[in-house]
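# Examining the three-dimensional arrangement
Next come the chains, spelled out residue by residue.
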Amino acid sequence: MGMLGRMTAPAFGGEVSEYYQRYRRGYPPAVGEALTAAFTLTSEDVVLDLGCGTGQLTRVLAPRVGAVLGMDPEPAMLGQARKAGSPPNVSWLLGADSDVGALSPALGAGRLGAVTVAQALHWMDHARLFAAVRPLLRPGGGVAVVTNGEPLWLQDAAWSVALREVVSSYLGTPLHSTCGTDETSQTRYADALSAAGYAVAAQVVAYDATLSVEEIVGGLFRP
Ligand SMILES: C[S@@+](CC[C@H](N)C(=O)[O-])C[C@H]1O[C@@H](n2cnc3c(N)ncnc32)[C@H](O)[C@@H]1O
């Protein structure tokens, strides 16, 4: 028998989850608006935020829909999400992309307005996920593959170049991970969505954030 090598997610537990809660860049209301418009979300809708981490996008979605299921396979992430306070219509679920199909008996077919995957699809079997999600979506619903801009170490700015050099030298290997934000990954996801029968559209919501040095350093303590 041969050997199968599958990339596993690095530890998102322990201290990493604390750094996520404290320093992870959030999403502005405009992202919630864009998702609401794309899938005509209303207070009748349930949305699944898969790979929710400590709930950065979950909380943006909550006021716009009936309920949000924030789902993540890392208990520490969900623990931090709970600690930070949950909007009344958010439920935190322990589970990975491979568990999404198992929601079907509880939710029923066609119950979800959207499945959002924010900055987490690169850890998942995206083709299998896109197929598993289809029966759960209501007409007009869909999957949103959300990115939060380029990683801190790949920005087009002198501070980012310096950061990349320092961290690459610390790690002893060049730091070039795009976390799925690069064009090649995005095209691969779009092609897989089309192959699974979705109509695909891309949308950019531009936003800036001023980060302190503490936030930049804290933001690095996460994969
Ligand atoms: C970079 S964080 C993104 C968190 C949040 N969605 C955001 O946008 O800030 C990636 C998250 O994906 C989760 N994750 C890793 N592998 C996963 C899988 N197979 N299925 C679902 N989530 C996964 C991790 O536990 C982590 O919380």
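Attention in this report is confined to the structure presented alongside it. In this text, all values refer to a predicted model and were calculated from it rather than measured experimentally. (Residues numbered from 1 in each chain as written. Predicted model: local features only at pLDDT ≥ 70, side-chain atom pairs only at ≥ 80, totals over all residues. Heavy atoms only, no water.)

Surveying the vicinity of the ligand reveals 20 residues, the closest of which are R24, Y27, G51, D72 and A118. A distance of 2.6 Å is found between an oxygen atom of the ligand and a side-chain nitrogen or oxygen belonging to D72. The contact in question runs from a nitrogen atom of the ligand to an N or O atom on the side chain of D97, over 3.0 Å. For the ligand, the accessible surface in isolation is 600 Å², of which the surrounding protein chains cover 96%. Taken together, the residues that form the shell around the ligand break down as twelve nonpolar, four polar and four charged. (Near = heavy atom within 4 Å. Polar contact = N/O pair within 3.5 Å; in protein donor to acceptor, adjacent residues only side chain to side chain. Areas by Shrake-Rupley, 256 points an atom, 1.4 Å probe, with all protein chains shown as cover. Nonpolar A, V, L, I, M, F, W, Y, C, P; charged D, E, K, R; others polar.)

Those residues of helix α6 (residues 126–133) that fall on the buried side of the exposure criterion are H126, L129, F130 and V133. Down the axis of α6, the sector holding all buried residues measures 100 degrees, keeping them to one side. Tucked inside the fold, the buried residues of α6 contact β1 (46–50), β4 (112–118), β5 (137–146) and α8 (183–195). (Buried < 20%, exposed > 50% of the residue type's maximum accessible area, 1.4 Å probe, protein only. Helix = DSSP H or I, 4+ residues; strand = E, 2+ residues; numbered from the N terminus. Arc of directions from axis to C-beta. Contact = heavy atoms within 4.5 Å.)

In space, the five strands of this open sheet follow the order β3-β2-β1-β4-β5, with parallel pairing throughout. Here the strands that pair on one side only, and so sit at the sheet edges, are β3 (90–94) and β5. Taking each pair of neighbouring strands and ignoring which way they run, the sheet shows an average axis angle of 15 degrees. Two strands pair when backbone bridges link them, and β4 and β5 are joined in this way by six bridges, in the parallel orientation. In the strand pairing of β5, V115 is matched with V143. (Pairing = 2+ DSSP bridges. Axes fitted to C-alpha atoms, helices over the stretch in contact; angles between N-to-C directions.)

On to the pattern of salt bridges, then. Tallying each qualifying case throughout the model produces four salt bridges. Among the ionic pairs, D45 bridges to R138, the shortest N-O distance being 2.8 Å. One end of the pair, D45, is in the loop between α2 (29–38) and β1; the other, R138, is in strand β5, and 93 residues separate them in sequence. Under the relative-accessibility criterion, R138 is labelled buried at 17%. The closest approach of N and O atoms between D125 and R128, which form a salt bridge, is 3.8 Å. The class of R128 is partly exposed, set by a relative accessible area of 46%. (Salt bridge = Lys/Arg side-chain N within 4 Å of Asp/Glu carboxyl O.)

Helix α4 (residues 75–83) packs onto helix α1 (residues 14–23) with a crossing angle of 35 degrees between their chain directions and a minimal axis gap of 9 Å. With respect to the hand of their crossing, α1 and α4 are arranged in right-handed fashion. Contacts between α1 and α4 pair G14, S17, E18, Y20 and Q21 from the former with A76, M77 and Q80 from the latter. Partitioned by chemical class, the residues of the contact of α1 with α4 number three nonpolar, four polar and one charged. (Left-handed = near helix turned anticlockwise from the far one by under 90°.)

The subject of this paragraph is the nonpolar core. In this structure, L48, L50, V117, L129, F130, V133 and Y198 are the most contacted members of the largest nonpolar core, which totals 24 residues. Within the residue set of this core, elements represented by two or more residues are β1, β2 (67–72), β4, α6, β5 and α8. For V117, the contacting residues outside a window of four places in its chain are L50, M124, L129, A144, V145 and V146. Grouped together as the second largest cluster of nonpolar side chains are 21 residues, Y27, L57, L61 and A114 included. (Core = buried A, V, L, I, M, F, W, Y, C linked by side-chain atoms within 4.5 Å.)

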